[in-house]
Structure formats: structure tokens, C-alpha cells
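The lines below spell out each chain.
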Amino acid sequence: MTRPAPLALTMGEPAGVGPEIIAKAWAALRPEGPVFAVVGDAALMRAQGHPIQTIPDLGMAEDVFARAVPVLDHPLPAAVTPGRPDTANAGAIADWIEQAVNLAMAGEASGVVTAPIAKAPLYAAGFRFPGHTEFIAELTADQPFAGTRGPVMMLTAKDLRACLVTIHAPLAEVPELVTAERVIRTARVVHEAMRRDFGIASPRLALAGLNPHAGEGGSIGLEEITVLAPAVAQLRGEGITITDPLPADTLFHDDARATYDAVVCLYHDQALIPVKTLDFWGGVNVSLGLPVVRTSPDHGTGFDIAGKDVARADSLIAALRLAAEMAAARALR
Ligand SMILES: NC(=O)c1ccc[n+]([C@@H]2O[C@H](COP(=O)([O-])OP(=O)(O)OC[C@H]3O[C@@H](n4cnc5c(N)ncnc54)[C@H](O)[C@@H]3O)[C@@H](O)[C@H]2O)c1
Ligand SMILES: N[C@H](C(=O)O)[C@H](O)COP(=O)(O)O
């Protein structure tokens, strides 16, 4: 049986916790894998005292992984001060993501895992995407993909998979953005991803309502009646198992979570608060509906603790393991 290709792990914001959690993840995964190679700045990892070895290509990753962190070296232009991002490095950070995605599209990497980036400094340097999710969707737009194309952001922790109809939208804009078309496309992507990436043959989807008490029959808002119900009818007509729009406040307790495989949420915090509350340290951010597997830790750059060697690698380890599992599920199809 051929061994899976290594994962490509981007370093993320170099002034954040990325370099140190990468070293900690490697120490934890070194015995059993999954094997990964870092796309980033080797000198920075070395300067922080992490055991690294540069490699010319991913083919060398497995041999090196047993004794050091394999690094595909793409040096930064500007010096790094932990906790203080420099917009001069924004281009390199974006290039690392592109390099990793290209390796996955070429089949040299089995998937992409991205250490956290900080959005504000990238935006200041002209980065025109809301985050990794949309950037990777753009990078893979011309890559063949059988099924409904995303991207759909999913956060997962323990038995909860929470998927987003809208992502980094101001709350005031959410009601207008939650259209039947967006709900239908999101649910199609989620349904197909549960089958393709998670091996769930007959996915059960739940749908969160927008308003308190899911609109209380129209007395606390009409979106459940005018937008969500027609979307549900269309999806059920396509054979997708999905609930009526349900009150979000009773969707996430233990017994409720047992009734579905994934929940479609309508806005960022409706999905991320329960996931990060359930297991902040083990949560994983997953991009669904793309030609490449991509996961990321559920946390950010941790500028307040970067460089202090206190950052936990749990979420990155979970992201690496989940990416390997998803890649294996895809390889079986
Ligand atoms: N996957 C990603 O790329 C990703 C995810 C979330 C946020 N972000 C970005 O990160 C930046 C900072 O975001 P934020 O401050 O909202 O969230 P954050 O997750 O960076 O920090 C929130 C709190 O959690 C702590 N924390 C974070 N990671 C930790 C770890 N591994 N170990 C121990 N403690 C940890 C931090 O010290 C901080 O107190 C923003 O620019 C945001 O957009 C990126
Ligand atoms: N909302 C995401 C989270 O909290 O994990 C985060 O902003 C990352 O988004 P991208 O993966 O699109 O960069």
C-alpha cells in the first residue's frame, strides 16, 4: 500500500504563534505522523531554536521527519519580532499559501494545513481576500472538481461540525446576505463533503434559524418563513436530509448534537461560539467544497503570547490529523 503524500503546512504569520506551535506539533507527531513539511522561512525557525532541515522538494519530507521539521525554504524579506507583524512580509505569507496549494493541486502534497494569519496586516498590504478560505478558493478555481464547488467554512470540535452560510460579514449585513440561494449552495456543499471527506453515506443536516426561537412562527422575524423554508423544500426535493430552521440556542447541547452530522449556521459567531466553547484547544477550521483538502487551527496568531513558548499546539495537531483523515477518505473514492 503506497504511503500518503506529506501535508504542506504553511507557517502563517511569522510574528504569531505559528513557528512555535509547528515545532510542538512536529514533536508530538514525529513518531506516528502524519508527515508534513513547512512552507516558510527556515532561518526564522532555526533562530527560534527549532530542529529543522531544509528540503528541496516534498519527496524528502518523510526521510527528514523522523529527526527534524522538514522545511521548504521561502525566506521572508523583513525581520520578525514576535507579536509585532510587519506588512513587509505580507507578500511572502500569501506566497507560502499559494506554494502549498500548488503542491496539493499537483498531487505532491496530500493536503494543505495553514498556520494562522493575521488579517489586518495583510489587508493593509493589499491582500484582497477576507482570509485563507476565499484565497484558496480563488487559487483552485480552475482545478477540476466533481460536485458543488465551495468554499464553505466549517469549524469542527469533538462531535460538532458547524458550517457557515456567511463568513466574515458584518452582523448588520447578515439578514440581507442570507438568501435561499446561499443556503441551498451551502447545504449542497456540506452534504457532499460529509460523503466525500468524512465517509458519511447518508448525512443528516440541521439548519439554524436566524431569529430567536427561529422566528416564533413569524412573530419574531420572517426569514425562517420567507427564505429558509423555501430553501429547505428545494434541498429536500434534491434528496438532502435537512431539518426545518431550528432555534439556534437549543441546537448545540449534547443530545441535540447527536441528532445531526453537520449543522448549517447563518453567520460567523452562531457557528464559532459553540465550537470554540466545546473545545477551543481541539477545534479545527476546515474548508469544504474545494479541490484540495485544507484545514487550519481554530485559533489565531496569538500576538499576546507569541515568542513566549506558552502557545499550545493541540489545535494545529488536530488540524494536521484531520487533513490526513480527509485526504485518506478522498483517496478511497
Ligand atoms: N486560522 C486562522 O488563520 C485564524 C483563526 C482565527 C483568527 N485569526 C486571526 O488572528 C488574529 C488574532 O485573532 P484573535 O486575537 O481574535 O484570536 P487569537 O486566537 O489569536 O487569540 C485569542 C486568545 O487565545 C489565545 N490563544 C490563541 N492561540 C493560542 C494557542 N495556540 N495557545 C494558547 N493560547 C492561544 C491568545 O493568546 C488570546 O488570548 C486576527 O487577525 C484574526 O483574524 C486567524
Ligand atoms: N473565522 C476563522 C476562525 O476563527 O477560525 C478565521 O478567521 C480563519 O479564516 P480563514 O481560514 O478564512 O483564514
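Residues numbered from 1 in each chain as written. Chains lettered and ligands numbered in written order. Predicted model: local features only at pLDDT ≥ 70, side-chain atom pairs only at ≥ 80, totals over all residues. Heavy atoms only, no water.

For the chain, the name recorded in an unreviewed UniProt entry is 4-hydroxythreonine-4-phosphate dehydrogenase, with Brevundimonas lenta as its organism. Its UniProt record gives the chain a comment under Pathway (unreviewed entry), which states: "Cofactor biosynthesis; pyridoxine 5'-phosphate biosynthesis; pyridoxine 5'-phosphate from D-erythrose 4-phosphate: step 4/5." Of the chain, the UniProt comment under Sequence similarities (unreviewed entry) reads exactly: "Belongs to the PdxA family." (UniProt positions renumbered as here; feature names shortened; annotations may be inferred.)

The next point concerns the site of ligand 2. If you check the shell around ligand 2, you find K119, G131, H132, T133, M153, H168, H268, L272, K276, N285, R294 and D298 and nothing else. With respect to ligand 2, the backbone of H132 contributes an N or O atom lying 2.8 Å from an oxygen atom. At a separation of 2.9 Å, an oxygen atom of ligand 2 approaches a polar side-chain atom of N285. In the complex, the protein chains occlude 88% of the 350 Å² of accessible area that ligand 2 would expose alone. Taking a 2 Å distance to the grid points as the criterion, the majority of the atoms of ligand 2 fall inside the second largest pocket. Looking at the shell around ligand 2, the element that brings in the most residues is helix α11 (residues 268-279), giving 3 residues. (Near = heavy atom within 4 Å. Polar contact = N/O pair within 3.5 Å; in protein donor to acceptor, adjacent residues only side chain to side chain. Areas by Shrake-Rupley, 256 points an atom, 1.4 Å probe, with all protein chains shown as cover. 1 Å grid on protein atoms, 1.4 Å probe; cavity = no way out; pocket = protein on both sides within 12 Å on 5 of 7 lines; lining within 4 Å. Sits in = over half its atoms within 2 Å of the grid points. Helix = DSSP H or I, 4+ residues; strand = E, 2+ residues; numbered from the N terminus.)

Another point: the packing of aromatic side chains. One pass over the full model with this rule turns up 5 aromatic pairs. Arranged with centres 5.2 Å apart and planes meeting at 80°, the rings of F127 and F135 form a pair that is edge-to-face. Classification of F127 as buried rests on a relative accessible area of 14%. Ring geometry for F280 and W281: centres 4.8 Å apart, planes at 65°, overall edge-to-face. Given a relative accessible area of 30%, F280 falls into the partly exposed group. An aromatic cluster of at least three residues, connected via ring pairs, comprises F127, F129 and F135. (Phe/Tyr/Trp six-rings, centres within 6.5 Å; stacked < 30°, edge-to-face > 60°. Buried < 20%, exposed > 50% of the residue type's maximum accessible area, 1.4 Å probe, protein only.)

The subject of this paragraph is the site of ligand 1. Taken together, the neighbourhood of ligand 1 is formed by 17 residues, with S296, G300, G302, D304 and R312 sitting nearest. One of the side-chain N or O atoms of S296 is found 3.0 Å from a nitrogen atom in ligand 1. Between ligand 1 and the protein, one listed contact pairs a nitrogen atom with a side-chain N or O atom of H299 at 3.3 Å. Protein chains shield 67% of the accessible area of ligand 1, which is 810 Å² for the free molecule. Counted by class, the shell around ligand 1 contains 8 nonpolar, 6 polar and 3 charged residues. (Nonpolar A, V, L, I, M, F, W, Y, C, P; charged D, E, K, R; others polar.)

Here the structure, examined in full by the defined rule, presents 12 salt bridges. One continuous salt-bridge network, built from bridges that share partners, spans E192, R196, D197 and R330. (Salt bridge = Lys/Arg side-chain N within 4 Å of Asp/Glu carboxyl O.)

Take the side chain of H132 next. Along the polypeptide, H132 turns up in helix α6 (residues 132-139). The residues touching H132, leaving out its near neighbours within four places in the chain, are I97, T114, A115, I117 and R294. (Contact = heavy atoms within 4.5 Å.)

Among the structural elements, D261 can be located in the loop between α10 (254-257) and β10 (262-265). Residue D261 is classed as buried on the basis of its relative accessible area, which comes to 11%. Among the polar contacts made by the side chain of D261, one reaches the main-chain amide nitrogen of R204 at a distance of 2.7 Å. If we ignore the near neighbours within four places in the chain, the residues touching D261 are R161, M194, I200, S202, P203 and R204.

Here the focus is helix α12 (residues 314-332). Between the first and last C-alpha of α12 there are 27 Å, a value that for 19 residues agrees with the 27 Å anticipated at 1.5 Å per step. Taken together, the buried positions of α12 are S315, L316, I317, A319, L320, L322, A323, M326, A327, A329 and R330. (Expected span 1.5 Å × (residues − 1).)

Turning our attention to the pairing of strand β7 (residues 160-164). Here β7 lies mainly inside the structure; 5 of its 5 residues are buried. Inspection of the sheet shows strand β6 (residues 152-157) paired to β7 by 4 bridges, in the antiparallel sense. Directly across from L155, in β7, lies its bridge partner A162. With antiparallel pairing between neighbouring strands as the criterion, β6 and β7 make up a hairpin whose turn holds 2 residues, including K158 at a positive phi of roughly 50°. (Pairing = 2+ DSSP bridges.)

On to the nonpolar core, then. With 95 residues, the main nonpolar core has I22, F36, V69, L288 and L320 as its most contacted residues. The element that contributes the greatest number of residues to this core is helix α4 (residues 90-105), accounting for 10 residues. When residues are assigned to domains, this core turns out to be shared by domain 1 (1-145 + 292-333) and domain 2 (147-289), each giving three or more. Each residue touching F36, except ones within four places of it in the same chain, is listed here: P6, L7, L9, I22, W26, L29, F65, V69, P70 and L320. Core analysis: the next-biggest nonpolar cluster, separate from the first, contains 18 residues, A248, L251, F252 and V275 among them. (Core = buried A, V, L, I, M, F, W, Y, C linked by side-chain atoms within 4.5 Å. Domains from an automatic or database assignment.)

To continue, consider the domain arrangement of the chain. When its domains are assigned, the chain resolves into domain 1 (1-145 + 292-333) and domain 2 (147-289). Computed from C-alpha atoms alone, the centre-to-centre distance between domain 1 and domain 2 is 28 Å. In this assembly, 26 residues from domain 1 lie in contact with 24 residues from domain 2. Taken over both partners, the interface formed by domain 1 and domain 2 buries close to 2,200 Å², and the fraction arising from carbon and sulfur atoms is 57%. Of all residues in domain 1, T133, F145 and D298 bury the most surface against domain 2, accounting for 33% of the area lost on that side. Where domain 1 packs against domain 2, one counts 1 salt bridge. Among the salt bridges present, the one from D197 reaches R330, with a minimum N-O distance of 2.6 Å. Between domain 1 and domain 2 we count 9 residue pairs in polar contact (both at pLDDT 80 or more) in total. Of all elements in the fold, only α6, β12 (294-297) and α12 reach the threshold of two or more residues within the side of domain 1 that touches domain 2. (Buried area = accessible area lost by both parts, 1.4 Å probe.)

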